[in-house]
Amino acid sequence: MDQVGMGNAERQGALTKGEVLPRPAASQSEGFKQGRSVLNSLLSGAFAGAVAKTAVAPLDRTKIIFQVSSNRFSAKEAYRLIYRTYLKDGFFSLWRGNSATMVRVIPYAAIQFCAHEQYKRILGQYYGFQGKALPPVPRLLAGSLAGTTAAMLTYPLDMVRARMAVTPKEMYSNILHVFVRISREEGLKTIYRGFTPTILGVVPYAGLSFFTYETLKKLHAENTGRSQPYSYERLAFGACAGLIGQSASYPLDVVRRRMQTAGVTGHTYGTISGTMREIVTEEGVIRGLYKGLSMNWVKGPIAVGISFMTFDLTQILLRKFQQMGYNAR
């Protein structure tokens, strides 16, 4: 009996000294840190997307209207459209469809930025670059995977936003009305019309955007010795990323918009190749597939720059708040 008691005491002593329990504790701590990192990325991404898209909403709406019509695009015509819309429907009509944009862009940006952080971590572990800047190919892959993940999960909301942007307010009263009316009049599968060109466009767009931004930050750190760029530098890096990413994927953006809005523009775009052929036949390559690109060169870099800058700064701010709360304990 004494021997059994001594054995129990020895085992309890081993547990007390912490020779068995630290591993689960360390694992729990790591899991908590990882969960907190995911939450930070989701919140920062959501906020970044909302700020960026709201800032350029009037230009974005104008670009979509030109993309889905056969009217020739020019800066002068774009200005006239914005001004006519303002005179006819008021100042806030320039943000028509922005509520649908927010419903889409908040989860889209949250998922995209969060997924990018997770893909970077996973690829970093796989290639042995954990905690360091990834090599070029994994860096490009992380961005492409992040964009694809976000687009797949939020596509119906993008469809709704495009419809609301190009129709008069009398046609659709709210976001739910768009879903109901499309499903009744055109069928549920219409909600995913344009999905394939969206995914094909998002791969180079997201891949090149994140790749360019991360590469510029890496080069900046190597040349200046500062690990954190200033806010205006982040904005400039993001603007370059947006310019490159959107220019590479723009024709597919025009195609998806035509397919998404076919039900309200009188066209019957069915396939990517058929849509491209029709656009090129009627309007030409540059005036058709690249219509509105010059506006995107103004709008896109601003939006992407604001988005990347806001994400990074929000991440830094959240980490500081968490550190302050931890120190206060």
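Everything below is about the structure shown above.
If you're wondering where the values come from, they're calculated on a predicted model, not measured in any experiment.

Caption draft 1: Spotlight on a nonpolar patch on the surface. Together, Y79, Y83, Y86, L87, F91 and F92 line one region of the surface with nonpolar side chains, adding up to about 740 Å² of accessible area. Relative to the helices and strands, L87 resides in helix α4 (residues 75-89).

Caption draft 2: A look at the pattern of salt bridges. Counted under the stated rule, the structure contains 18 salt bridges. Of the charged contacts in the structure, one is a salt bridge between R226 and E233, with a shortest N-O distance of 3.1 Å. Between K291 and E283 there is a salt bridge; the shortest N-O distance is 2.8 Å. Taken as a pair, K291 and E283 share a single burial class, namely buried. Taken together, the shared-partner salt bridges in this structure form one network comprising R104, D158, D253, R256 and R257.

Caption draft 3: Spotlight on the packing of aromatic side chains. Per the counting criterion, the structure on display carries 13 aromatic pairs. Consider the rings of F113 and F311, whose centres lie 4.3 Å apart with planes at 15°: the pair is stacked. On the criterion of sequence distance, the pair formed by F113 in helix α5 (residues 98-127) and F311 in helix α13 (residues 293-328) is long-range, its members being 198 residues apart. Since its relative accessible area comes to 4%, F311 is described here as buried. Taking the centre distance of 5.1 Å and the plane angle of 85° together, the rings of Y126 and Y127 count as edge-to-face. Judged by relative accessible area, Y126 falls into the exposed class, the value being 66%. Of the residues examined, Y127 reaches a relative accessible area of 40% and is grouped as partly exposed. Among the aromatic residues, those joined into a cluster by ring pairs are F113, F210, Y213, F308 and F311.

Caption draft 4: Representation of the side chain of Q315 in the model. On the secondary structure map, Q315 appears in helix α13. Among the polar contacts made by the side chain of Q315, one reaches the side chain of S44 at a distance of 3.4 Å. Beyond its immediate chain neighbours, meaning those up to four positions away, Q315 contacts N40, S41 and S44.

Reading guide: rules and limits
In this convention, every chain numbers its residues from 1, walking through the sequence in written order. Residue-level local features of this predicted model are given only where pLDDT is at least 70; pairs of side-chain atoms are given and counted only at 80 or more, and the full residue set underlies all totals for whole chains, interfaces and linings. Working from all heavy atoms in the structure, the side-chain values ignore hydrogens and water. Here a patch means residues that are over 30% exposed by relative accessible area and free of salt bridges, tied together within 9 Å if like-charged and within 5 Å if nonpolar (Val, Leu, Ile, Met, Phe, Trp, Tyr). Every accessible area reported is derived by Shrake-Rupley at a probe size of 1.4 Å, with residue values counting cover from the shown protein chains alone. Salt bridges are defined by distance alone: a side-chain nitrogen of Lys or Arg within 4 Å of a carboxyl oxygen of Asp or Glu. Note on conventions: DSSP H or I runs of at least 4 residues are helices, E runs of at least 2 residues are strands, and numbering of each starts at the N terminus. Burial status follows relative accessibility: with a 1.4 Å probe on protein chains alone, a residue under 20% of its type maximum counts as buried, one over 50% as exposed, and anything between as partly exposed. The aromatic pairing rule takes the rings of Phe, Tyr and Trp, using the six-membered ring of Trp, and pairs them if the centres are within 6.5 Å, calling planes under 30 degrees apart stacked, those over 60 edge-to-face and the rest tilted. Throughout this description, a polar contact denotes any pair of N or O atoms lying within 3.5 Å of each other; where both atoms belong to protein, one of them has to be capable of donating a hydrogen while the other can accept it, and for residues adjacent in sequence the pair is counted only when both atoms sit in side chains. Should any heavy atoms of two residues lie within 4.5 Å, those residues are counted as being in contact.

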